[in-house]
Amino acid sequence: MLKKILLFVLILFLAPLLFGFLFISFSPQFGGKSSPEQLLEFEKLDHYSDGKFHNLQATEMGMDLAKAIKLLPEFFKNDPARKPDFDIPIVKIDSLELLNSSSTKLFWFGHSAFLLQIDGKNILLDPMFGKVPSPHPWLGNPRFFEELPIEIEELPVIDMILFSHDHYDHLDYESVKKLAGKTKQFVVPLGVGAHLEAWGIEKARITELDWWEDFKVQDISLIFTPSRHFSGRGLNNRFSTLWGSWVIIGEEEKLFFSGDGGYGPHFQEIGNRFGPFDFAMLECGQYNENWKEIHMMPEETALAALDLKAKEFMPIHWGAFSLAMHSWTDPVERVLAKSQELGLKIRVPKIGSMIEIKEESQPELYPWWINPDLVDLSDFQERKASIF
């Protein structure tokens, strides 16, 4: 009887380990690996050594194993402030509205996902359209809203998809599989192409770029620029692919898309090289003092807009998922206050609404993130008057 009990306990202990090993080994979610030939090319770069890419600036990840274990209860704490307590308003996108676009427009899907229409091209930025930003639904918090502004099947033909890095809340396996049949070209950081190839994307449709390299399509220039972050989709491949931001230059407009990353001098360098920008989409969410060098605080988001010489900017990386311990509205509230202090022009559109880059009259800043049934909006109206 004792032997049977010990055997049962052993099986209970080993079964999760076996399941985890098999899941990591065979699940397509984890992507692919760069070829030996690619790794030899990476070794020639000044920001790659010992099998890893490196940030331009010394960067502390800020979370050793002991601290991570200590913070686990906080991560899984059932804090109602971390998600909306009402149905946030989602603007539905009519597929006909996306045809024959003549002006430069953006449509935000929440978090960091956008559809950009510029110079007759449809470009997706970090299109994470999945429900949970993790390799398995059990391992993450679901999206704040059930339906997207428009379903993938209703999107027009996509000329290019740009990815900033390979984390699950930016590069989503299910989204890539659904978009593959209607996308002409994928433009990605070094090493990320291996994931796409593992998911069935032909190598001919993938362009990989290093920092400061560019890719041109007719009159549109895409420049992959540095950020202060990291990469990795598995337990042992952190820093194995590159991460970064995007400069998008059309016939008339210049846009900047930050991807993820901490604050640093790279923003000023990008602003000096390519600014001023007509519009900048800047990370503002999922931050914490424990990892402040790889995710900006909201006040730093506003400073980055200043460094980039952005005429307008928009806080992103919030509004869809809870990946940190702050309240879900903390990013927008803090960045609005700092923008007011610095005299910066900011937009906080509803998810799904059309953002026209050079429209003469700017839309009113409406606090859609506040539950109108619970909060008096008069205080916000006073602050809005001073912001604009």
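Heads up: the structure comes first, above all this text.
The paragraphs below set out a description of the structure included in this document. (Residues numbered from 1 in each chain as written. Predicted model: local features only at pLDDT ≥ 70, side-chain atom pairs only at ≥ 80, totals over all residues. Heavy atoms only, no water.)

The secondary structure content of the protein chain amounts to nine helices and 15 strands. Each of the 388 residues in the protein chain was classed as buried or not, and the buried ones make up 54%. Long-range contacts, defined here as pairs at least 24 residues apart, represent 69% of the contacts in the protein chain between residues at least 6 apart. Working note: accessible area of the protein chain is about 18,600 Å², and carbon and sulfur atoms make up 56% of it. (Helix = DSSP H or I, 4+ residues; strand = E, 2+ residues; numbered from the N terminus. Buried < 20%, exposed > 50% of the residue type's maximum accessible area, 1.4 Å probe, protein only. Contact = heavy atoms within 4.5 Å. Areas by Shrake-Rupley, 256 points an atom, 1.4 Å probe, with all protein chains shown as cover.)

A cluster of nonpolar side chains, contributed by Ile 69, Leu 72 and Phe 76, occupies part of the molecular surface with about 350 Å² of accessible area. Here Phe 76 shows up in the loop between helix H3 (65–75) and strand E3 (105–108). Looking at Phe 76, the relative accessible area reads 70%, which means it is exposed. (Patch = residues over 30% accessible without salt bridge, like charges linked within 9 Å, V, L, I, M, F, W, Y side chains within 5 Å. Salt bridge = Lys/Arg side-chain N within 4 Å of Asp/Glu carboxyl O.)

Right, let's talk about the packing of helix H6 (residues 266–274) against helix H7 (residues 298–308) for a bit. Think of two packed helices as two axes; the pair is described by the angle between the axes and how far apart they sit. Close contact between H6 and H7 brings their axes to 7 Å; oriented N to C, the two are set at 30°. With respect to H7, the element H6 is oriented roughly parallel. For the pair H6 and H7, contact is made by Phe 267, Gln 268, Ile 270 and Gly 271 and by Ala 304, Asp 307 and Leu 308, respectively. Each residue belonging to the contact of H6 with H7 can be placed in one class, and the counts come to four nonpolar, two polar and one charged. (Axes fitted to C-alpha atoms, helices over the stretch in contact; angles between N-to-C directions. Parallel < 35°, antiparallel > 145°, perpendicular 65-115°, else oblique. Nonpolar A, V, L, I, M, F, W, Y, C, P; charged D, E, K, R; others polar.)

Across the sheet, seven strands lie side by side as E8-E7-E6-E5-E4-E3-E15; this open sheet has mixed pairing. The sheet terminates laterally at strand E8 (206–209) and strand E15 (354–356), the two strands that pair on one side only. Each adjacent strand pair in this sheet contributes to an overall mean axis angle of 20°, direction not counted. Pairing analysis gives three bridges linking strand E5 (residues 121–125) to strand E6 (residues 158–162), with the strands arranged parallel. Within E6, the position partnered with Leu 125 by the bridge is Leu 162. (Pairing = 2+ DSSP bridges.)

Strand order in the open sheet formed by six strands is E9-E10-E11-E12-E13-E14, and the pairing between neighbours is mixed. Each edge of the open sheet is held by one strand with a lone partner, namely strand E9 (214–217) and strand E14 (313–316). With strand direction ignored, the average angle separating the axes of adjacent strands in the sheet is 15°. Pairing analysis gives five bridges linking strand E10 (residues 220–225) to strand E11 (residues 245–249), with the strands arranged antiparallel. Bridge pairing links Thr 225 to Ser 245 in E11. The strands touched by H6 within the sheet are E10, E11 and strand E12 (254–257), with E11 carrying the most contacts at an inclination of about 15°.

Once that is clear, we can look at the side chain of Thr 301. Mapped onto the secondary structure, Thr 301 falls in helix H7. For Thr 301, a relative accessible area of 0% translates into the label buried. Non-local contacts of Thr 301, meaning those with residues more than four positions away in its chain, are made with Leu 282, Glu 283, Cys 284, Met 296, Phe 313 and Val 335.

Turning our attention to the packing of H7 against helix H8 (residues 330–342). Relative to each other, H7 and H8 sit at 45°, their axes nearing to 7 Å. As the angle between them shows, H7 and H8 are arranged oblique. Like other packed secondary-structure pairs, H7 and H8 cross with a definite hand, here right-handed. For the pair formed by H7 and H8, the contact residues are Pro 298, Glu 299, Thr 301, Ala 302, Leu 303 and Leu 306 on the first element and Pro 331, Arg 334, Val 335, Lys 338, Ser 339 and Leu 342 on the second. Its residues assigned to classes, the contact of H7 with H8 comprises seven nonpolar, two polar and three charged. (Left-handed = near helix turned anticlockwise from the far one by under 90°.)

Okay, empty space enclosed by the protein next. Taken as a whole and judged by the stated rule, the model has two cavities of 30 Å³ or more. Put simply, the largest cavity is a space of about 50 Å³. Along its surface, the largest cavity is lined by Arg 82, Gln 286, Trp 318, Gly 319, Phe 321, Ser 322, Leu 323, Ala 324, His 326, Ser 327 and Trp 328. Looking at the lining of the largest cavity residue by residue, the classes come out as five nonpolar, five polar and one charged. Of the volumes computed, that of the second largest cavity is approximately 40 Å³. Residue lining of the second largest cavity: Pro 226, Ser 227, Ser 245, Phe 256, Ser 258, Gly 259, Asp 260, Gly 261, His 266, Phe 267, Glu 283 and Met 296, and that is the complete set. Residue composition of the lining of the second largest cavity, grouped by class: four nonpolar, six polar and two charged. (1 Å grid on protein atoms, 1.4 Å probe; cavity = no way out; pocket = protein on both sides within 12 Å on 5 of 7 lines; lining within 4 Å. Points joined across faces, edges and corners; volume = space filled by probe spheres on them.)

Our next topic: the packing of aromatic side chains. All chains considered together, the criterion is met by 22 aromatic pairs. An aromatic cluster is built from Trp 108, Phe 144, Trp 318, Trp 328, Trp 368 and Trp 369, whose rings are joined through pairwise contacts. Over the aromatic face of Tyr 168 sits the side chain of Arg 233, whose NZ or CZ is 4.1 Å from the ring centroid. Of note, Arg 273 hangs over the ring of Trp 212, and the distance from its end group to the ring centre comes to 3.7 Å. (Phe/Tyr/Trp six-rings, centres within 6.5 Å; stacked < 30°, edge-to-face > 60°. Lys NZ or Arg CZ within 6 Å of the ring centre and 35° of its normal.)

Residue placement: Phe 107 occurs in strand E3. For Phe 107, a relative accessible area of 0% corresponds to the buried category. Residues contacting Phe 107, with those up to four places away along its chain left out, are Ile 93, Glu 97, Leu 98, Ala 113, Phe 114, Leu 115, Gln 117, Gly 352, Ser 353 and Met 354.

The next thing to look at is the environment of Val 335. With respect to the helices, strands and loops of the structure, Val 335 is situated in helix H8. For the pair Val 335 and Ile 346, spaced eleven residues apart in the sequence, the C-alpha separation amounts to 9.0 Å. Excluding its chain neighbours within four sequence positions, the residues that come into contact with Val 335 are Cys 284, Pro 298, Thr 301, Ala 302, Phe 313, Pro 315 and Ile 346.

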